[in-house]
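Tertiary structure, described
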Amino acid sequence: IAAWHQEPDPRSVITIAHLMRMSSGLDFTMGNPANGLMFTNEDDHSRVYFGAINVFEYSISQPLAFPPNTVWRYRNCDPLTLGKIIRDTLEKQGENYLTFPQRALFDKIGAHHFVLEPDPWGNFIMTGFDYGTARDWARFGLLHLWDGVWQEERILPEGWVNFVRTPAPADASQGYGGLFWLNRGRQFKTLPEDMFWPAGHHGQAVFIIPSRDVVVVRLGLSVVGDTDPYFEHLLGAILSAVDKNREK
């Protein structure tokens, strides 16, 4: 981020890996019922959705709250900062930013219905504003199940999948990797430890389970309560059915 290197700035040591692991240390407040800040101007995490702001510039304008890679916190500023890096890099290379995801990723895996919603400045918001059909998300999950290779063509860099499913060093629970949630910390005690998944709004998820060669897409809406017992029951039943079918 150029603005972090114009003068001595503690943010200059933030790396792409820190951002992918939600461990940048940027001062970004998340509102919740306990602190009374939910959906106020002080709720930085949610304001990117409803504030009609330049989400990239807003995210990179925050100071540091913690030294990078020392504290894990789920905050939108980190993937949005990555988004700015991607846009700046593509435009320097003369690429069309708005068509790049479809050309470079989705078309190559046959996912033709994704919609990435931008802010008023044309920045992909990404964090919750990515829409696709169940089949599109299944293809995205299969791409990661198959280590980034699709029909013998490498789409994602070698080592990418290993990185995203490796626990972030600053997350003591071992429940988060690189923009993916992990079961390494046994959030779901009866499900395979190697399961990892991108999670969407209110219970939408793509569960990738390499040890069972399975991808499960769930797009239902769960607005209240703890979804973990439901997911554990649902996925356990699916895996049991798959195992019985394989034994026939």
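Before reading on, note that the structure itself is shown above.
Note on numbering: residues in each chain are counted from 1, in written sequence order. Under the rules for a predicted model, residues below a pLDDT of 70 receive no local features and side-chain atom pairs below 80 are neither given nor counted, while totals for whole chains, interfaces and linings still include all residues. Side-chain metrics rest on all non-hydrogen atoms present in the structure, leaving aside hydrogens and water.

**Some words on the overall build of the protein**
Worth spelling out the cut-off: Helix numbering and strand numbering both begin at the N terminus, where a helix is a DSSP run of H or I of at least 4 residues and a strand a DSSP run of E of at least 2. When checking whether two residues touch, look at their non-hydrogen atoms; a contact exists if any pair is within 4.5 Å. For every accessible area listed, the method is Shrake-Rupley and the probe measures 1.4 Å; residues are considered covered only by the protein chains on display. Neither His nor the chain ends contribute to the count of charged residues, in which Lys and Arg are positive and Asp and Glu negative. Just so you know, the charge point we use is NZ for Lys, CZ for Arg, CG for Asp and CD for Glu.
Secondary structure summary: the protein contains eight helices and eight strands in total. Expressed along its principal axes, the backbone C-alpha trace of the protein runs to roughly 65 × 45 × 30 Å. A fraction of 54% describes how many contacts in the protein between residues 6 or more apart in sequence connect residues 24 or more apart. Accessible surface, the protein: about 13,000 Å² in total, of which carbon and sulfur atoms supply 55%. In the protein, 22 side chains carry a positive charge and 29 a negative one; their mean positions are 5 Å apart.

**Observations regarding the nonpolar core**
Stated formally: Each nonpolar core is a collection of buried residues, namely Ala, Val, Leu, Ile, Met, Phe, Trp, Tyr and Cys, held together in the definition by side-chain atoms within 4.5 Å. The cut-offs for exposure are 20% and 50% of the maximum accessible area for each residue type, with area from a 1.4 Å probe on protein chains only; residues under the lower value are buried, those over the upper are exposed, and the others partly exposed.
Grouped together as the largest cluster of nonpolar side chains are 40 residues, with contacts concentrated most on Val48, Val55, Leu105, Leu143 and Phe196. Beyond its immediate stretch of four places on either side in the chain, Leu105 contacts Phe100, Phe140, Leu143, Ile155 and Leu156. Listed in part, the twelve residues of the second largest apolar core include Phe188, Leu191, Trp197 and Ala205.

**Structural notes on the environment of Leu105**
Within the secondary structure, Leu105 is located in helix H5 (residues 100–106). Here Leu105 falls in the buried class, since its relative accessible area comes to 18%. Along the backbone, Leu105 and Ile155 are 50 residues apart, and their C-alpha atoms lie at a distance of 7.1 Å.

**Some points on the side chain of Asn123**
Just so we agree on the cut-off: Between N or O atoms, a polar contact is any pair within 3.5 Å; within protein, one atom must be a potential hydrogen donor and the other a potential acceptor, and residues adjacent in sequence are included only when both atoms are from side chains.
Residue placement: Asn123 occurs in the loop between strand E1 (115–116) and strand E2 (130–131). Among the polar contacts listed, one links the side chain of Asn123 to the side chain of Arg87, at a separation of 2.6 Å. Non-local contacts of Asn123, meaning those with residues more than four positions away in its chain, are made with Asn54, Val55, Phe56, Arg87, Tyr97, Glu117 and Pro118.

**Observations concerning the pairing of strand E7 (residues 205–209)**
Formally: The pairing criterion for strands is at least two bridges between them, as found by DSSP.
Burial within E7 is extensive, with five of its five residues counted as buried. Here E7 shows no split at all, with Ala205, Phe207 and Ile209 on one side and Val206 and Ile208 on the other all buried. Bridge count for E7 against strand E8 (residues 214–218) is five bridges, and the pairing is antiparallel. Paired with Ile208 across the strands is Val215, a residue of E8. Linking two consecutive strands that pair antiparallel, namely E7 and E8, is a turn of four residues; a positive phi of about 55° is found at Asp213 within it.

**Remarks on the environment of Asn54**
Following the sequence through the fold, Asn54 ends up in the loop between helix H2 (44–50) and helix H3 (55–60). Separated by 66 residues in sequence, Asn54 and Pro120 place their C-alpha atoms 7.0 Å apart. Every residue in contact with Asn54, bar those within four places of it in the chain, is listed here: Asp119, Trp121 and Asn123. Reaching out from Asn54, the side chain makes a polar contact with the backbone nitrogen of Phe56 at a distance of 3.2 Å.

**Details of a nonpolar patch on the surface**
Here is the rule we go by: Without a salt bridge and with relative accessible area above 30%, a residue can belong to a patch; like charges are then joined within 9 Å and nonpolar side chains (Val, Leu, Ile, Met, Phe, Trp, Tyr) within 5 Å. When a carboxyl oxygen of Asp or Glu lies within 4 Å of a side-chain nitrogen of Lys or Arg, that pair is called a salt bridge.
Residues Met38, Phe39 and Phe50 make up a contiguous nonpolar surface patch of roughly 360 Å² in combined accessible area. Note on placement: Phe39 falls in the loop between helix H1 (16–20) and H2.

**Remarks on helix H6 (residues 134–145)**
Operational definition: Expected helix span is given by 1.5 Å per residue-to-residue step, counting one fewer step than there are residues.
With twelve residues, H6 extends 16 Å between its outermost C-alpha atoms, agreeing within 8% with the 16 Å of an ideal straight helix rising 1.5 Å per residue. Looking at H6, one finds that the buried residues are Asp136, Trp137, Phe140, Gly141, Leu143, His144 and Leu145. Once H6 ends, the next one or two residues include Asp147, with phi positive near 60°.

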